[in-house]
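Analysis of the macromolecular model
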Amino acid sequence: MMTSAAIREAFLAYFKSKGHEIVPSAPIVVKNDPTLMFTNAGMNQFKDYFLGNRVPPCKRVADTQKCLRVSGKHNDLEEVGVDTYHHTMFEMLGNWSFGDYFKSEAITWSWELLTEIYKLPKDRLYATVFEGDAKEKIPASTVALAKWKEILPDEHIIFGNKKDNFWEMGETGPCGPCSEIHVDMRPDEERKKIPGHLLVNKDHPQVIEIWNNVFIQFNRLKDGSLEPLPATHVDTGMGLERLVRVIQGKTSNYDTDIFTGTIHATEKITGETYDFGDSRKAIAFRVIADHIRAIAFTIADGQLPSNTGAGYVIRRILRRAVRYYYSYLDYKQPLLHQLMPVLAEQFRTVFPELFNQLDFVTRVVKEEEEAFLRTLEKGLKRIEDTIATGKITGKAAFELFDTYGFPIDLTRLIALENNIPVDEAGFEQEMKQQKERSRAATAVDTEDWVVLDDAGRNSFVGYTQLETETRVLKYRKVKAKGKEGFQLVLEQTPFYAESGGQVGDRGELILGNEKIAITDTRKDNDLIIHFAPAIPADISGKLKAIVNAETRKHTALHHSATHLLHAALRKVLGTHVAQKGSLVNEEHLRFDFSHFAKVTDEELAQVEAIVNEKIRENIPVVIKEMPKEEALKLGAMALFGEKYGDVVRVVVIDPNYSVELCGGTHVGSTGELGLFKITAESAVAAGVRRVEAICGKGAEDWVNEQTAVLNQLKETLKNPKDLLKAVNSLQAENTDLKKHLESLEARQLVAIRNELLQKDEIINGVNFIGDIVEVSSADALKKLCFDLKNHLRDHVAVLCVNLDGKPYVAVGIAETVAKARNLDAGKIIKQNVAPLIKGGGGGQPTLATAGGQDVSKLEEVIAVVKNLLS
């Protein structure tokens, strides 16, 4: 039986024999593409070739690509683990032709590989062909049909409509008909009863698609119309997991050697046994085996779990897996991080980035698990209480999300298991304002490109010149945040596009007497986009593009400083330090790196001293272009999650100190930085720290500001000889005064408590105390409520204070009364007290507080709470 590794290798070897260049997988985390968070198809990294933005270095390529489908149009999360073939992360084997071979060759080779190399039974294979679409005037795929008729009998060829057999990149862009290959894995008895062609594309678990040949020949415009592309392309994709299942003769992807190693490791850790069935325990094993891959490889490619965007998608997947092992494998401690070594070893030669960062990824995952486990039990208890009501309201779902960290899909899953509905519309309503703000801030409406020169190529000349004569190749109108603007593509541009943490250049375009401001420069895949509020009146003429030299200079200072900082951190903290993110602009730098403890003041001082020493040495900053393999042999640091070409740009600041692959702009020598100063150090995420710093004149200004503050402090303290001793003395004196004040306050509270006990009145068997007291803080009200518990058994207390015209209220209820009378201090505060005083508050069932605006209602507050006992 062929192993999954052998099957993968056979695919690549076959297409290499057909003249294809074998290229590495792109990172699973997408950068420089505003339409995607994750790589969800093998073609993503080749998008610019299809769009005509770049010329491919070779016309035939093949690879195995890490993909993730958990959001948007391609969302398989709900099916993962429940069925036998859906996954979050999967490998997509693919071969591509960029204007070279087309339908006939693609179909011939796919058939040859499946039947001659992989030895799949020919009578179990079916092909689909696009039937055409009269409404859109798209003809049927006659070439593909003719080719398949040479290979397969008619009953094994199925015509498909636009939904099944016409592939589109998105609402706009390259598209075309496709021809899928399906396999029927049913037993012979079942195949005799129902012919396979009747089950193709019918969601049968054993009649599945394994290969899709897409023939890209059209471009979809914004108005919905199609135009022929100048060149035709082939884009194929074959899911490795499904292919391995078919070749290994399994009925489930999870029974193949891709997943069995992880499942066996999970059995060993948890002491539970995988039964291959549909029980929730079996589903839990499959969910873990699937989700661990998505979690591990996205973190290894640079995406940390967070509460927004792509980071939240990873957190959702991780929490879904945690809930499964917690509830159905009865494992109450972190599990996923223990599986990382198994996964890293399995993919060591295919995707080595996980093995190379094993310690870092393991610790990030462990901390994420620990954080969710701390709230999971409480959240599950809360959801049990909600389930008892027969439904999960939108408000309850939002509370689970906001308070306990339950993603809505996890709440939906638990509800489904208990056969109760979730008011998802209500949940969305609860989040509506936040979502609308977010959408309004990020939504961009773009029109179609107006192409002035389709043959021109977009190139960057900004490493050596800050202004150039050029022309506009294409432009389009955009609307964002209610404002209209334009995006322009220039033939040659000196403007650096935002990437690698460095912000995009600003500047202007000059055409005669007309000046157009360039407010930002970004990348859309590999296309350099210039943002402008307007376009020149004569958009087709020659113009001068000029970068703001001052802004570029200060940005370059901070980028070179980032390299010096990175190397210094590795010297002081250790070689485990690796860049996890950065921001470089003209004002400051921000550098995120892997490290599992707070960087001490002493360590920061060492780092700063090393950087400033390198600045004083005035080391030349040498920039070279060389083959990637040669650069790595020199010891150049490459960032995980970045896609590099065969030829890379290497920035060297002393070969024995800092050598990095980098596409950013830099100074000529380190002395130009002048001075380097660290301004802050903080935590960003599990296992990731952040250092903020400034250099050049900014650092000089910062030092002058700090010196001015220090001089002012000296003056305030009457210029003591030993400033630190004087400050310490003041702190000690302040501590003594606080202790004395606390002692006085404690005595005052005892006296107030004794007065309150004398005002105790019995209402229906409950001791009630209600009063407006004179205390120095709202916290004192809580202390009094706690103290009353020690002197009264069954009681309700409502205490109020007027502090500088603002009302504050505390409600304390004995546990016996809370249970017997079904009273909840938190609900009383929210429902009865806060509306009266025009404020807000909350708390626990036995103690809650509120603050407000209307101090005139305090007597009424006492009366309202008192009436609850009547």
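Below is a summary of the structure that appears in this document. (Residues numbered from 1 in each chain as written. Predicted model: local features only at pLDDT ≥ 70, side-chain atom pairs only at ≥ 80, totals over all residues. Heavy atoms only, no water.)

1. Structural notes on the overall build of the protein chain
Short version of the rule: Strands here mean DSSP runs of E at least two residues long; helices mean DSSP runs of H or I at least four residues long; both are numbered from the N terminus. Burial here depends on accessible area, computed with a 1.4 Å probe over protein chains only, as a share of the maximum for the residue type. Under 20% is buried, over 50% is exposed, and the range in between is partly exposed. Whether two residues are in contact is decided by their heavy atoms: any pair within 4.5 Å suffices. Method for areas: the Shrake-Rupley scheme with a 1.4 Å probe, in which residue coverage is limited to the protein chains shown. In this tally, Asp and Glu contribute negative charge and Lys and Arg positive charge; neither His nor the terminal groups of the chain are included. Where a charge lies is defined by one atom per residue type: Lys uses NZ, Arg uses CZ, Asp uses CG and Glu uses CD.
Within the protein chain one finds 25 helices and 36 strands. Relative to its 870 residues, the protein chain shows a buried fraction of 51%. Residue pairs at least 24 apart in sequence account for 67% of intrachain contacts in the protein chain once pairs closer than 6 positions are excluded. Accessible area of the protein chain: about 40,500 Å², with a carbon and sulfur share of 49%. Charge centroids of the protein chain, computed over 109 positive and 123 negative side chains, lie 1 Å from each other.

2. Some thoughts on the packing of helix α17 (residues 549–573) against helix α18 (residues 601–616)
Quick note on the threshold: Axis definition: a line fit to C-alpha positions, over the contact stretch in the case of helices; interaxial angles, taken between N-to-C directions, run 0 to 180 degrees. Angular relationships are summarised with four words: roughly parallel below 35 degrees, roughly antiparallel beyond 145, roughly perpendicular across 65 to 115, and oblique for the angles in between. It is the rotation of the near helix from the far one that decides the hand of a crossing: anticlockwise by less than a right angle makes it left-handed, clockwise makes it right-handed.
Contact pair α17 / α18: the axes reach a minimum separation of 9 Å and the direction vectors enclose 135°. Looking at the two axes, α17 sits oblique to α18. Classified by chirality, the crossing of α18 by α17 is right-handed. Contacts between α17 and α18 pair Leu564, Leu565, Ala568, Leu569, Lys571, Val572 and Leu573 from the former with Glu603, Gln606, Val607, Ile610, Val611, Lys614 and Ile615 from the latter.

3. Details of unusual backbone geometry
Even without glycine at this site, Asn201 takes up a positive phi of about 60°. Tracing the sequence through the fold places Asn201 in the loop between α6 (188–193) and β10 (207–220). According to the relative accessible area criterion, Asn201 is partly exposed, its value standing at 32%. The residue Asn719 is not glycine, and still its phi comes out positive at about 50°.

4. Describing the packing of helix α11 (residues 336–346) against helix α13 (residues 358–387)
To keep it simple, the criterion reads: As a working rule, the residues Ala, Val, Leu, Ile, Met, Phe, Trp, Tyr, Cys and Pro are called nonpolar, Asp, Glu, Lys and Arg charged, and the rest polar, with Gly in that last group.
Relative to each other, α11 and α13 sit at 155°, their axes nearing to 8 Å. As summarised for this structure, α11 and α13 are arranged roughly antiparallel, according to the angle between their axes. The element α11 and its partner α13 pack so that their crossing is right-handed. For the pair α11 and α13, the contacting residues are Leu336, His337, Met340, Pro341 and Ala344 in the first and Leu358, Val361, Thr362, Val365, Lys366 and Glu369 in the second. By residue class, the composition of the contact of α11 with α13 is seven nonpolar, two polar and two charged.

5. Regarding helix α8 (residues 260–270)
Among the residues of α8, those classed as buried are Thr262, Ile263, Ala265, Thr266, Glu267 and Thr270. For α8, the secondary structure elements touched by its buried residues are α9 (280–300) and α11. Just past α8, the residue Gly271 takes up positive phi, approximately 80°.

6. Overview of the sheet that holds strand β26 (residues 622–627)
Condition: Strand pairing is assigned whenever DSSP identifies at least 2 bridges connecting the two strands.
Pairing within the open sheet is antiparallel, and its three strands lie in the order β26-β27-β28. The two strands at the open ends of the sheet, each matched to only one other strand, are β26 and β28 (658–661). Each strand of the sheet is rotated relative to its neighbour by a mean of 25°, with strand direction disregarded. Here six bridges tie β26 to strand β27 (residues 647–653), and the two strands are oriented antiparallel to one another. Bridging across to β27, Lys624 finds its partner in Val650.

7. Examining the pattern of salt bridges
What counts here: Every case where a carboxyl oxygen of Asp or Glu lies within 4 Å of a side-chain nitrogen of Lys or Arg is listed as a salt bridge.
Here the structure, examined in full by the defined rule, presents 48 salt bridges. Between Lys162 and Glu136 there is a salt bridge; the shortest N-O distance is 3.4 Å. Separated by 26 residues along the polypeptide, Lys162 in helix α5 (residues 162–165) and Glu136 in the loop between β6 (125–130) and α4 (142–151) bring together distant segments of the chain. Taking relative accessible area as the criterion, Lys162 reaches 24% and is therefore assigned partly exposed. A salt bridge links Asp779 to Lys783, with the shortest nitrogen-to-oxygen separation between them at 4.0 Å.

8. Some words on the environment of Ala636
Mapped onto the fold, Ala636 is located in the loop between α19 (628–633) and β27. We classify Ala636 as buried; its relative accessible area is 8%. Residues Ala636 and Glu660, 24 residues apart in the sequence, show an inter-C-alpha distance of 4.7 Å. Not counting the four nearest positions on each side in its chain, Ala636 is found in contact with Ala631, Val650, Val659 and Leu661.

9. Here's the deal with the pairing of strand β2 (residues 60–68)
Most of β2 sits out of view: eight of its nine residues are buried. As paired strands, strand β1 (residues 21–22) and β2 are joined by two bridges and run parallel to one another. Bridging across to β2, Ile22 finds its partner in Ala62.

10. What to know about the side chain of Thr493
Short version of the rule: Here a polar contact is taken to be a pair of N or O atoms separated by no more than 3.5 Å, where protein atoms must pair a possible hydrogen donor with a possible acceptor and residues adjacent in sequence count only if both atoms sit in side chains.
Looking at the secondary structure, you find Thr493 in strand β18 (residues 492–493). A distance of 3.0 Å separates a polar side-chain atom of Thr493 from the backbone nitrogen of Phe495. Only 2.7 Å separates the side chain of Thr493 from the side chain of His530, close enough to count as a polar contact.

11. Topic: helix α20 (residues 697–716)
Quick reminder of the rule: Multiplying 1.5 Å by the helix residue count minus one yields the expected span of that helix.
Counted at 1.5 Å a residue, the expected span for α20 with its 20 residues is 28 Å, and the 29 Å between its end C-alpha atoms agrees. Positive backbone phi, at 60°, marks Lys718, one or two positions downstream of α20.

12. Quick word on the nonpolar core
Short version of the rule: Buried Ala, Val, Leu, Ile, Met, Phe, Trp, Tyr and Cys residues that are joined via side-chain atoms within 4.5 Å together make up what is termed a nonpolar core.
Residues Tyr118, Tyr325 and Leu336 are the most contacted members of the largest nonpolar core, which totals 120 residues. Considering each element in turn, this core owes the most residues, 14 residues, to α9. Ranked by size, the runner-up nonpolar core spans 31 residues in total, among them Leu557, Ala568, Val621 and Ile653.

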